[in-house]
Amino acid sequence: MTPIALCSDDYAQNPGIDAGILELLALGRLSAVSCFSTSPRWPAAAPALRAFREQADIGLHFNLTEGFGSTAPSLHAVILRSFLRLIDLRHVEQELQRQLDAFEAGFGQPPDFIDGHQHVHQLPGVRRIVLKLIQQRYPGHPIWVRNTVPANPAWRGKPQILKYLGGQSLATDLQAAGIASNRGFAGVYGFDQEDYGACFKAWLDAAQPGMLMMCHPATAPYPDDEIALQRVVEYNFFRSEEYAVMLDAASLRLERLSVVL
């Protein structure tokens, strides 16, 4: 059975997301969870994850664009500033330190991995700060980092955009720094597919040991969430028998990347 990881993003964003993730963890349908330590919900929501720390990797969803009711820069602005070398790297470093502190205060231990909300962790300048702080803060604690290099090089559209917006560069930097990372990335689409199972099957066809797939399930749609309805579609798929059958048919099993890598 080939080991791959399925990571649900956005824990602590709203109650529907948290409920969906916790239910899928209890069913054994996830092997990683990425968490918003900037969310006002995080201190109260974090303890529920501790029961699953042996079953799933729990990581930091580094956030520069979600304000949770406060003003935050748009993703477009962050991308533009990073590529023009205008982003305030001192602020980025302070923000990552703050979010790591909050993660550890809530969860009780360092994160198993770091990724980024809207993949900001891979942008020019930002990725250098991520690698720097991992090496400074956790020299004796192995942490892996998500890269977004497509598991299938033939995939076009959004997967290729992510690759060239820093995914490939981050993968190269991680390898040079000796920091573990996933072997191929999947789960990228336009959040607009009713037949999510068809997308999932195409991603599984590209599976290799250590591949990482992201997902965004929730039990119910909540306001101020652009992908709220699609989250429910994903949730219903991941709790279905169809999902389990697909994994078995492809000879795949979910595993923590901290074990595989």
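Structural data are supplied above this passage.
Owing to the predicted nature of the structure, the values given are computational and were not obtained by experimental measurement. (Residues numbered from 1 in each chain as written. Predicted model: local features only at pLDDT ≥ 70, side-chain atom pairs only at ≥ 80, totals over all residues. Heavy atoms only, no water.)

**Considerations on helix α7 (residues 196–204)**
1) Next: Every buried residue belonging to α7 is among Tyr196, Gly197, Cys199, Phe200, Trp203 and Leu204, and all of these are buried. The buried residues of α7 occupy an angular sector of 155 degrees when projected down its axis, which confines them to one face. (Buried < 20%, exposed > 50% of the residue type's maximum accessible area, 1.4 Å probe, protein only. Helix = DSSP H or I, 4+ residues; strand = E, 2+ residues; numbered from the N terminus. Arc of directions from axis to C-beta.)

**A word on the environment of Leu131**
1) Next: Looking at the element boundaries, Leu131 is found in helix α5 (residues 126–137).
2) Next: The buried category is assigned to Leu131, whose relative accessible area is 10%.
3) Next: Separated by 48 residues in sequence, Leu131 and Ile179 have C-alpha atoms that sit 8.2 Å apart.

**Here we look at the packing of aromatic side chains**
1) Next: For the structure shown, the criterion picks out 18 aromatic pairs.
2) Next: Both rings, one in Tyr196 and one in Trp203, keep their centres 5.7 Å apart while their planes meet at 70 degrees; by these two values the pair is edge-to-face. For the pair formed by Tyr196 and Trp203, the shared burial category is buried.
3) Next: Considering the side-chain rings of Phe238 and Tyr243, the 5.0 Å spacing of their centres and the 90 degrees angle between planes classify their relative orientation as edge-to-face. Take Phe238 and Tyr243: they sit in the same class, and that class is buried.
4) Next: Over the aromatic face of Phe107 sits the side chain of Arg53, whose NZ or CZ is 4.8 Å from the ring centroid. (Phe/Tyr/Trp six-rings, centres within 6.5 Å; stacked < 30°, edge-to-face > 60°. Lys NZ or Arg CZ within 6 Å of the ring centre and 35° of its normal.)

**Topic: helix α8 (residues 228–238)**
1) Next: Where burial is concerned, most of α8 is hidden: eight out of the eleven residues are buried.
2) Next: Looking only at α8, the buried set comprises Ala228, Gln230, Arg231, Val232, Glu234, Tyr235, Phe237 and Phe238.
3) Next: If you follow the buried residues of α8, they end up packed against β1 (2–11), α1 (15–26), α7, β7 (212–215) and α9 (241–249). (Contact = heavy atoms within 4.5 Å.)

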